[in-house]
Structures are given as C-alpha cells and as structure tokens.
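Structural overview
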Protein chains: 2
Amino acid sequence: MEERCNKSAHMSAKEQLRIICKGASQLVGEKELLEKLERSCKTGKPLTVKLGLDPSAPDIHLGHTVVLRKIRQMQEAGHEAVVVIGDFTGKIGDPTGKSRGRAALSDEQVKENARTYFEQIFRVLDRKKTTVAYNSSWLAKLNFEEVVRLAASTTVARMLERDDFKNRYENQIPIGVHEFLYPLMQAYDSVELKADVELGGTDQTFNILMGRTLQKEFGQEPQAALFMPLLEGLDGIEKMSKSLGNYIGVQEPAQVMFKKCMEVPDSLIIRYFELVTDIHPDEVAQIEAQLAEGVNPRDVKLRLAREITGLYHSGEELRNAEEFYHAAFSRKSIPEQIPELIIENEEKDTLADLIPLLIRNELITSRNELIRLLRQGGVRLDGEKLCEEDLSMTLMGNQVLKLGKKKFVKILK
Amino acid sequence: MEERCNKSAHMSAKEQLRIICKGASQLVGEKELLEKLERSCKTGKPLTVKLGLDPSAPDIHLGHTVVLRKIRQMQEAGHEAVVVIGDFTGKIGDPTGKSRGRAALSDEQVKENARTYFEQIFRVLDRKKTTVAYNSSWLAKLNFEEVVRLAASTTVARMLERDDFKNRYENQIPIGVHEFLYPLMQAYDSVELKADVELGGTDQTFNILMGRTLQKEFGQEPQAALFMPLLEGLDGIEKMSKSLGNYIGVQEPAQVMFKKCMEVPDSLIIRYFELVTDIHPDEVAQIEAQLAEGVNPRDVKLRLAREITGLYHSGEELRNAEEFYHAAFSRKSIPEQIPELIIENEEKDTLADLIPLLIRNELITSRNELIRLLRQGGVRLDGEKLCEEDLSMTLMGNQVLKLGKKKFVKILK
C-alpha cells in the first residue's frame, strides 16, 4: 500500500524522520516514532510535540532555538506543538545540571517570565500550531495519593543514577527529597498531554525518559524522546549563554545579529547550519562539501548570517544589515575608510568621555553637535540608534559608531 | 515556687517522668518533656500523647501492649492520648523493618482492621481520655505543593540512613520513591495533632524523630520521642508475634492467659513486670531483689500471671483461672489426678476423632453424651466453652479438656 500524507504535511514519514534527526544527539524510540509518523500520514491526525520550558531564564538566544527550530520543522510537516510552561515546577526550582537546588520562583516572576518568553518563542514557532499550557493547571490539583502513585513508578536507585544527583550524593551535598519529585512532575506533564514526542537538550535526558516510564505506567504509548545538542557560543568552546557573553539573542537588531553570525568560528559553521537554520539536510551536505573543497569560509559564513538573520528579520532589514556589515567591517570592500579610535583610559569609556577624541579627529565639531545628532536619531552604535541618555553608556570596544549619514568610526579598547 | 499539679494528675512532673521512663529504651527530648510536664502541672492542661497504629495486623498481643500500657500510665497522670490510625499511610504499605514494600491495603480492609483494633486497645487505654483519628482525614487533603513542602524538609541522604532503606539500597533491592514519603506522612501527623510526646517501638525511631524535624519546620515545639523495647515472646528469644506462636493475646480467656504467663522464661520475669504491667518502678525493684535473694521464680511468676490476667479480666475470672491452673497444671497440689490422652494419628486430631478414646477411658459413655454435654455448655477446652460445631476443631495438644463438672483430661499430641 502506498503511503499517503495528511493535507498539511507534504512529506512521507521517512522524509519527516530524516528532517527530525538532522543535528539531533539522540532519538529514543525511533521505530515507535516512525510508526507514529506513518499513522499520522494515514489518518491525517497530527502528532503532539511537547516542549517543557522552565521559566527562569527569560532571554532567548540561538542556543534555545535549537529545540524551537526543530519543533518548527515538525510544525511545517503538519504537527502540533504544546509548550508547557513549568510554572508549578518552577516553584520548586530545577536541580538539572546544578550542584545545588535552584531558588523557587514566585507566581509573579513566573508570569512575567512567561510573557517575555512568548514574545520570543513565536519568532520561531508557528503560533497557529502551538498550544501554550501551564503545568500548574493539572499538577496543583494532584492530591497526596496521586503523588504517591507517581512516586511509586520509579526507584531511589534510578533517581540517583541521574548525573547531578549522583555527584551530589557522592560529594555529600544535600539533595532535598522534594527534588526527586521534580522529574516526576515533568514526566506527568507528558501523561496529561498524551505527548507523542518530547524535545529537549541533552541535559534533559533523564527527565524526558522518565516521561516514557510514566506514560507506560498510565497505560499510554510512550513518547519518542528527541535530544538536541547544546549549542556552543561564539567563543567556540562554552555552551551559548547570556552570562558568558558568547550569545546571539533572537531579539537583537539585524545588524548586530548579522555581525555576530560572521564571528562564528569556522569549525562551527556546519553545526550552526544544522542546529539553528531550517536548511534541508541535503543542502547542508553540499555546503560541507564546498568547505572541504576549499571555498572561503567567510563566503559560507555570509550565507549563514543571511539564513539566520533572515529568520528573525524582514528582507529589507536583512539587506540593510548586510550592507552595513560590508561598509563597517569588510575591509575588502572599503579598506581603510573607517578610522579607529582607541579608548586608552579604561575608567573613561562612556560616549561622553569620547567627545574630545571625536573632536580631535574632526568627526564632530563640538559636544553640542553630538547632542543635536543624538536628538535627531543620527547616531548609531553597531546599527542601534542611540539617544541623549546613552551619553553615559559604557562602550564595550570593537563597535562601529555612525555619526550622521556618512561618518563611521571604529571604537577599540 | 512550689509545684502544683492539675486535678487529674496526682504526681509531680519528676515522678511522672520516672514512670514514663520505666522500661523504656530511649527518650529523646527528656529535658523538653520535663518542661512540658511541669507546664502541664502548672496550667492543668494535659499533654497530647500520640500513638500511630498501622492497621495491618489486627490481633493485639502483649507485645503491642508495651506502648499501650505506657500511654495508659500517662493517662492515669492526667494526659490525653490520640491514637492515629494510619489508614492513609496503610494504603502505601509500611516499609519499616521489611526488606520489601508491604502490599497496600484497601479501604475495606483498613476499616475492618480498625474496628478489630478498637475492641482490643480499649482493654488497655482509658476510653475517656483517648481520641481516635484517621490520618486520611488530613493527609488526603494535602495537595502536591504541600507534599513538596514536606519532602523539602529532609534529604535523600538522611532517608538512606534509615537501617532498612540503607540495607536495601546497598543490596540493590529496589526502594520506591513513594516509600520516602511514608515517614513524612507519619511525621506530618505529629504536626497536625501538635503532639507533645510520641511513643513507638525501637523500630520506629527514624519515623518518630522525623516528626520532631517536621514540627520544628512548621514552627512547633518538637515532640518528645519515647521508644519502648520490643517484647520477647514466650520462647524468650524472638520478638512476640502471632505468626511465631510465642504470644499472649489480650483477648484470650483468663485461664489461657494465666497458664501462658506461667510459661514466661525466668530470665524475662522482670522485663515482663516492667513492660506489660502497671506496677510501680519501686515495687519492680523489690521483686528483682527477691529473685536475687533466691525466692522461687515460680512464686514470682504467679504474681506476674495474676497482675497480667487481672488487667484483662474480672476478679472472679482471675480467681477461677488461677484455681484452674493449679488444678490442671500444678502437680504439687493435685498430682496424677488428670489422665492424659495422647493423639497418635496426627491426621485424626479433631474433637470428634477423639470420641472412641474418650469412651475407652470412661470419660463419656457415647458420642450422644458428648453432644448433649456440648449443647448444655458443659465442655471446656483450656477454660473456653465449646459448642457442637467445635467437634470438627483441630486440637493443638497440651490442652485441658473439661467434661461436665468434674472430669478433666489432658490432651497430648
């Protein structure tokens, strides 16, 4: 019998599975997932793709989009996403990957963080094919007897196999008994949603597999578990993270995003194509071949910067960003045209501190001219418009300051 | 300032403490308990004495009365008991002292067991000063968030210090995560009841001390924890237990009870006086001195048998039981008067099987005479009246059968 697909999906189950596996670290339940996809193709009933979000780190960068993009790709194939905001879970704190329990969040914080999340995740996910759920709506209703049922589904020994629990136990760092309930809460979310697939980073392996255990315990077909790698940041070494400063934020202006993409280390170009773009696996293979044949990585990176920036900005913004990049940073096209100013006194590194240097270099004639330009919106730093208040802003260095329509200067530290 | 005591209590706080400590294995919080007793003496407000019962073994024997008698002694001093029926806890099963989790009980079983319990515990406790509570009435209402709060009060490492958990963990025998919730439930009972003292066997040490932890966590003064030893049975070695057959049941007829008390090994006489009678510590000390001076243990045991039997039976029943004991078992007073019948075929050991032997020994003239005697209530086995249905009852051996008013026969196997 020939395979037929549902209306919204244009791909066979096998082709879908190929796209799902692109860049993934591990897929547990591959055979089951293929069966689910085939069934979905036949019946036209979309799969439920679950993503749990812990609302404690509200700024989303490309590292977070690794799972989001994968879900988007599954939405393109016709499936439905459920984003579970762990508002109940967040009240306890997530010990995942931490050596100590994380502080519990208040209801207020959870709500505020969730609002910020939504603005950002819908830059990736298809809003029409996404349901947002708060796990407090079912977890808060569970009574002691039901909690006991959840807890009875697993053992202390299995909990202590989880890396972070194991390390803490061996190093005599206390583990609260309540922390054993956290993976069970997350697992019960899958039961409640009857999830077909759950996605997460490799640091979520234990918790997501617990979902399979609990679904079986409740007589459900277990979800497939798709683990995506943790994306390295621009330094090429550490996991992308806001606190390490090696990130590309999804809300950053097009020019900033484009420039940061051009800073991706050559060794990570293919990984970024795989993990944070929607480019088809076949095309990624072609790009990999080109690099192997000696194509200039800079040219490939321009493609990467276009792909990524284009996902979060309009065509026009993308074009402007690329033009700006070439004007400001690409020495090949406009060599030596941008003067460089070096801030020598690290304690005098605000825009206001820079005024004497700007006058000496004939970029402005006076402090008043700068202020007038600021008021008119004629001053940009790495493409971002500055205002008068920004005079006291600290300059980080390696930034391009644009004054009026034609004057550029590169600030070094 | 002179110590004054409340109306019902006739003793000073220190004297009360002395009686409380009689026979006890350990008292945690002795200083606090003395303070509580002194406060109670001053205010006249009784202390709340908690006893948790797991309704899984409904037959109460003297081993169970060790804690019950202690509570009775505290009631005599004016305090109030709360007996907590662990109906909620029982649904999970108590892993205490077991290598594997105990099967959960149904609501029906719990209710039936509790009914049986009450008939028996009020043979020891003062009904007027006892409140019966079912912990399901508060535990069933706790929601997930409240359970998390309980669980957060302790650590995985501390749970794994409990002997049975430790052994199971080390021997890779699975411990369900829900089993970690059981001690917390029992501990929360103390919070709910604002218990001043909790009693239990030494096998309950961990759980009862957890009550102190949780009370402090909830801002309460912690309960004192009074641990009573586990009573050895009539074999003098194993813990008294129905399944081992080395027990004295509180519902047994006076004659049986009296006879069994006389079988207590000499080495345990003082322990029995301490743990299962209400005799004052000073008097126990006198008895101990008498034994040391060479008084015949048999005479001391007669006193013990009188004390114990008198606690569960009327004065008349006690007198009859003692007379019967002397007639049936005390060879000194009536030697050789009772013929012995030996059941030789172990498969033919019912009362009906015995009829030919009884006729041959001229104890009855016919089967019909035995049936008439049974119908008239003229047949007793170890003092218990038999009826016609008992013809098919198995005879255990070493029992005294009484036929009519004067005929005795000892049945051996």
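From a predicted model like this one, the values you see are computed outputs, not experimental measurements. (Residues numbered from 1 in each chain as written. Chains lettered and ligands numbered in written order. Predicted model: local features only at pLDDT ≥ 70, side-chain atom pairs only at ≥ 80, totals over all residues. Heavy atoms only, no water.)

**Quick notes on the interface of chain B and chain A**
The interface is formed by 29 residues belonging to chain B together with 30 residues belonging to chain A. Contact between chain B and chain A buries roughly 2,500 Å² in total, counting both sides, with carbon and sulfur atoms accounting for 83%. Sorting the residues of chain B by area buried against chain A places Phe144(B), Val156(B) and Val177(B) first, and these three jointly supply 30% of that buried surface. One can count zero salt bridges joining chain B with chain A. (Contact = heavy atoms within 4.5 Å. Buried area = accessible area lost by both parts, 1.4 Å probe. Salt bridge = Lys/Arg side-chain N within 4 Å of Asp/Glu carboxyl O.)

**Quick look at the packing of aromatic side chains**
Counted under the stated rule, the structure contains 14 aromatic pairs over all chains. When the centroid spacing of 5.5 Å and the interplanar angle of 50° are considered together, the rings of Phe88(A) and Phe144(B) count as tilted. Linking Phe88(A) in helix H4 (residues 87–90) with Phe144(B) in helix H7 (residues 144–151), this pair reaches from one chain into another. Here Phe88(A) matches Phe144(B) in class, with each residue buried. Ring plane angle 80° and centroid distance 6.3 Å describe the contact between Tyr169(A) and Tyr169(B), whose orientation is recorded as edge-to-face. Note that Tyr169(A) is positioned in helix H9 (residues 163–170) and Tyr169(B) in helix H9 (residues 163–170), a pairing that runs across two chains. For Tyr169(B), a relative accessible area of 27% puts it in the partly exposed group. (Phe/Tyr/Trp six-rings, centres within 6.5 Å; stacked < 30°, edge-to-face > 60°. Helix = DSSP H or I, 4+ residues; strand = E, 2+ residues; numbered from the N terminus. Buried < 20%, exposed > 50% of the residue type's maximum accessible area, 1.4 Å probe, protein only.)

**Regarding the nonpolar core**
Counting 71 residues, the largest nonpolar core has Leu33(A), Leu62(A), Ile121(A), Leu199(A), Tyr272(A) and Ile308(A) as its most contacted members. With residues near it in sequence (within four places) discarded, Leu199(A) still touches Val49(A), Lys50(A), Leu51(A), Val67(A), Lys70(A), Ile71(A), Met74(A), Ile208(A) and Leu226(A). Counting 70 residues, the second largest nonpolar core, distinct from the first, contains Leu47(B), Ile85(B), Leu234(B) and Val276(B). (Core = buried A, V, L, I, M, F, W, Y, C linked by side-chain atoms within 4.5 Å.)

**Things to note about helix H10 (residues 181–193) of chain B**
All names here are of chain B. Over its 13 residues, H10 extends 19 Å from the first C-alpha to the last, a length consistent with the 18 Å expected when each residue adds 1.5 Å. Of all 13 residues in H10, twelve are buried, a share of seventy percent or more. Among all positions in H10, only Leu181, Tyr182, Pro183, Leu184, Met185, Gln186, Ala187, Tyr188, Asp189, Ser190, Val191 and Leu193 are buried. Remark: Lys194 follows H10 within two positions and exhibits a positive phi of approximately 50°. (Expected span 1.5 Å × (residues − 1).)

**Remarks on the sheet that holds strand S11 (residues 407–412) of chain B**
Residues and elements named next belong to chain B. Taking strand neighbours across the sheet as the criterion, the five strands line up as S7-S11-S10-S8-S9 in an open arrangement whose pairing is mixed. Each edge of the open sheet is held by one strand with a lone partner, namely strand S7 (340–342) and strand S9 (384–385). Across five bridges, the pairing between strand S10 (residues 399–403) and S11 is antiparallel. Among the inter-strand pairings, Gln399 is bridged to a residue of S11, identified as Ile411. (Pairing = 2+ DSSP bridges.)

**Details of the relation of the copies chain B and chain A**
Placing chain B over chain A gives an RMSD of 0.5 Å and needs a rotation angle of 180°, together with 0.0 Å of translation along the axis. On this basis, the relationship between the two copies can be described by a two-fold rotation axis. Among all C-alpha atoms of chain B, that of Asn143(B) lies closest to the rotation axis, at 1.9 Å. A shared interface surface links the copies, since 100% of the contact residues of chain B are contact residues in chain A too. (Least-squares fit on C-alpha atoms with pLDDT ≥ 70 in both.)

**Describing helix H3 (residues 62–76) of chain A**
Residues and elements named next belong to chain A. An ideal rise of 1.5 Å per residue puts 21 Å on 15 residues; H3 measures up with 20 Å between its terminal C-alpha atoms. Of all bends in H3, the biggest is about 30°, found at Leu68. Of all 15 residues in H3, twelve are buried; the element is thus mostly enclosed. (Bend = angle between axes of the 7 residues up to and from the residue.)

**Regarding the confidence of the model for chain A**
Residues and elements named next belong to chain A. Summing up the model confidence of chain A, the mean pLDDT is 87 and the portion of residues at 70 or higher is 91%. Ranking the helices and strands of chain A by mean pLDDT puts strand S6 (residues 224–228) first, with 97, and H4 last, with 78. Ignoring residues within four places in sequence, the model shows residues 1–9, a span with pLDDT below 50, making 20 contacts including any to other chains. Throughout residues 94–101 the model reports pLDDT below 50, and contacts reaching past four residues in sequence, or to other chains, amount to 24 contacts. The ipTM for the predicted assembly is 0.72, set against a pTM of 0.73. (pLDDT = per-residue confidence, 0-100.)

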